[in-house]
Amino acid sequence: MRLRTPLCTLICSLLLLSGCTVWRERPVVNSWKEATGGESFERSFWKEVQAKNWKELDRHMAGNYISITPNGQRNRTDALERLHQFQLDDYSVGDFQVELNANTLVVTYTMTAKGTVAGQPFPSLPVRMMSVWQHQKAGWMKIAHTVTQENAQ
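Bear in mind that the values here come from a model prediction, so they are computed numbers and not experimental data.

A. The arrangement of the confidence of the model for the protein in detail. Here the protein averages 83 in pLDDT, and 75% of its residues register 70 or above. Residue range residues 14-29 is modelled with pLDDT below 50. Its contacts to residues more than four positions away, or to other chains, number six contacts.

Structure below.
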């Protein structure tokens, strides 16, 4: 009986320690290589915009990329020029919905941002976004993006 008590205490301690966060938590997707779906692609895209990592961003925008915003339609070159005008201090994305159709992902979500674009502050209200990603020989490429302002209620 005396031998069982220390043994039980040792086993219980080991079980408790194995349940604690001894090992660090797996980090959120930090690179395009770790991205596994539409939400990850969008998070990586905006992370690159915030970091002003244009070379990496350029690799994930298709040659026929098109963007439609309240300010008009932009081709790939014009959209990249516009993104270069972003000073994205902080942002939050959420309310994701992702639809897969063969080799194409349609991703909708909301975004709230702090910072400026061309010296003007971002809208204070959340904006709705939709992006279309297509799997091509070079990997997943963003081929289209739309932005709409949500109405104040």
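B. A look at the packing of aromatic side chains. Evaluated as defined, the whole model comprises six aromatic pairs. Between the aromatic rings of F41 and W133, the centroid separation amounts to 5.2 Å while the plane-to-plane angle is 35°, which identifies the pairing as tilted. A residue pair is termed long-range when its members are at least 10 positions apart, and F41 in helix α2 (residues 38-51) and W133 in strand β6 (residues 127-136) qualify at 92 residues. Residue F41 shares its accessibility class with W133, and that shared class is buried. Summarising the aromatic geometry, the rings of F45 and W46 are spaced 5.2 Å apart at their centres and angled 85° between planes, so their arrangement reads as edge-to-face. Relative accessible area serves as the criterion here: at 2%, F45 is assigned to the buried category. By the ring-pair criterion, three or more aromatic residues cluster together here, those being F45, W46, F86 and F122. The residue whose ring lies beneath K142 is F45, and the NZ or CZ to ring-centre distance is 3.5 Å.

C. Structural context of the pattern of salt bridges. Taken as a whole, this structure holds five salt bridges when the rule is applied. The residue D58 makes a salt bridge to R76 at a minimum N-O spacing of 2.6 Å. You can see D58 sitting in helix α3 (residues 54-58) and its partner R76 sitting in helix α4 (residues 76-84), a full 18 residues away along the chain. Relative accessible area serves as the criterion here: at 18%, R76 is assigned to the buried category. A salt bridge links D95 to R128; the shortest N-O distance between them is 3.1 Å. With D95 in strand β3 (residues 86-101) and R128 in strand β6, this pair connects stretches of sequence that are 33 residues apart. D95 gets classed as exposed once you look at its relative accessible area, which sits at 53%.

D. Structural context of the environment of G38. Tracing the chain through its elements places G38 in helix α2. Between the C-alpha atom of G38 and that of V107, which follows or precedes it by 69 residues, the distance is 5.8 Å. G38 has contacts with V98, L105 and V107, leaving out every residue within four places of it along the chain.

E. Summary view of the nonpolar core. Formed by 26 residues in total, the largest nonpolar core has its most connected members in F45, W46, V49, L57, L83, Y109 and M111. Looking at this core, the elements that each hand over two or more residues are α2, α3, β1 (61-69), α4, β3, β4 (104-117) and β6. In terms of residues, this core owes the most to one element, β4, which gives six residues. In this structure, A62, V132, I143 and A144 belong to the second largest nonpolar core, which totals five residues.

F. Main features of the side chain of T108. Among the structural elements, T108 can be located in strand β4. Apart from residues no more than four positions distant in its own chain, T108 is found in contact with D95, F96, Q97, R128, M129 and M130.

Reading guide: rules and limits
- Residues numbered from 1 in each chain as written.
- Predicted model: local features only at pLDDT ≥ 70, side-chain atom pairs only at ≥ 80, totals over all residues.
- Heavy atoms only, no water.
- pLDDT = per-residue confidence, 0-100.
- Contact = heavy atoms within 4.5 Å.
- Phe/Tyr/Trp six-rings, centres within 6.5 Å; stacked < 30°, edge-to-face > 60°.
- Helix = DSSP H or I, 4+ residues; strand = E, 2+ residues; numbered from the N terminus.
- Buried < 20%, exposed > 50% of the residue type's maximum accessible area, 1.4 Å probe, protein only.
- Lys NZ or Arg CZ within 6 Å of the ring centre and 35° of its normal.
- Salt bridge = Lys/Arg side-chain N within 4 Å of Asp/Glu carboxyl O.
- Core = buried A, V, L, I, M, F, W, Y, C linked by side-chain atoms within 4.5 Å.

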